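The residues making up each chain are set out below.
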Amino acid sequence: KEIQVMENSRSRMWCDVPFHLPNNIEVIWRFAEEVKTQQVDQFKEVTAGVDRLYSIPSASLQHQGTYQCEIYSGQRSVVRLYYYLTG
C-alpha cells in the first residue's frame with residue numbers, strides 16, 4: 001500500500017488483517033530507507049511488541065521508504081504487510 005505524506009505531518013500505519021488474530025501475537029515493524037522493496041534483507045527492525053499501529057508524529061524525508069509489519073503467533077509468522085511512504 002502506498003501512502004503519500006506531507007512533511008511535518010503525522011503519519012500512521014495500521015497492521016490490519018481481515019481475519020481474527022490469536023491473543024498471543026507479537027508485531028514487528030521494520031523499515032527500509034528510501035526504497036520501495038519487499039526484499040527482507042533490506043529492512044531494519046524499528047519496533048517489536050503488541051502494537052499494530054505505527055505512528056510517525058512528524059514525517060520528514062528520512063521517513064521515506066518501505067515499512068513492513070509482520071505479525072507472529074508464537075514463533076509462526078501469520079502475516080506480512082508493506083507500506084511505502086513517499087513525499
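Preceding this section is the structure that the text describes.
Residues numbered from 1 in each chain as written. Predicted model: local features only at pLDDT ≥ 70, side-chain atom pairs only at ≥ 80, totals over all residues. Heavy atoms only, no water.

**Some words on the sheet that holds strand E3 (residues 25-33)**
Taken together, 5 strands build an open sheet; the order of strands is E1-E7-E6-E3-E4 and the sheet is mixed. This sheet does not close on itself; its edge strands, each paired only once, are strand E1 (2-4) and strand E4 (44-49). Each strand of the sheet is rotated relative to its neighbour by a mean of 25°, with strand direction disregarded. The pairing of E3 with strand E6 (residues 65-73) spans 9 bridges and is antiparallel. Pairing of Ile-28 across the sheet is with Glu-70, part of E6. (Pairing = 2+ DSSP bridges. Helix = DSSP H or I, 4+ residues; strand = E, 2+ residues; numbered from the N terminus. Axes fitted to C-alpha atoms, helices over the stretch in contact; angles between N-to-C directions.)

**Considerations on the state of the cysteines**
As enumerated under the stated definition, the model contains 1 disulfide in all. The disulfide bridge from Cys-15 ends at Cys-69, spanning 1.9 Å between sulfur atoms. Torsion about the S-S bond of the Cys-15 and Cys-69 cystine: about 80°, corresponding to right-handed handedness. Taken together, the residues span a long stretch of sequence, with Cys-15 in the loop between strand E2 (11-14) and E3 and Cys-69 in strand E6 at a distance of 54 residues. Just as Cys-15 is buried, Cys-69 falls in that class too. (Disulfide = S-S within 2.5 Å. Buried < 20%, exposed > 50% of the residue type's maximum accessible area, 1.4 Å probe, protein only.)

**Concerning the side chain of His-63**
Considering the arrangement of structural elements, one finds His-63 in the loop between strand E5 (53-56) and E6. His-63 sits in the buried class, given a relative accessible area of 19%. With residues up to four places along the chain from it excluded, the contact list for His-63 reads Phe-31, Ile-56, Ser-58 and Leu-85. (Contact = heavy atoms within 4.5 Å.)

**Description of the nonpolar core**
Counting residues in each nonpolar core, the largest one holds 19 residues, and the members touching the most others are Met-13, Trp-29, Ile-56, Tyr-67, Ile-71, Tyr-83 and Leu-85. When contributions to this core are tallied by element, the ones reaching two or more residues are E3, E5, E6 and strand E7 (76-86). Residue contributions to this core peak at 4 residues, all from E3. The contacts of Met-13, once residues within four sequence positions are left out, are Ile-3, Trp-29, Arg-52, Leu-53, Tyr-54, Ile-56, Tyr-67, Tyr-83 and Leu-85. (Core = buried A, V, L, I, M, F, W, Y, C linked by side-chain atoms within 4.5 Å.)

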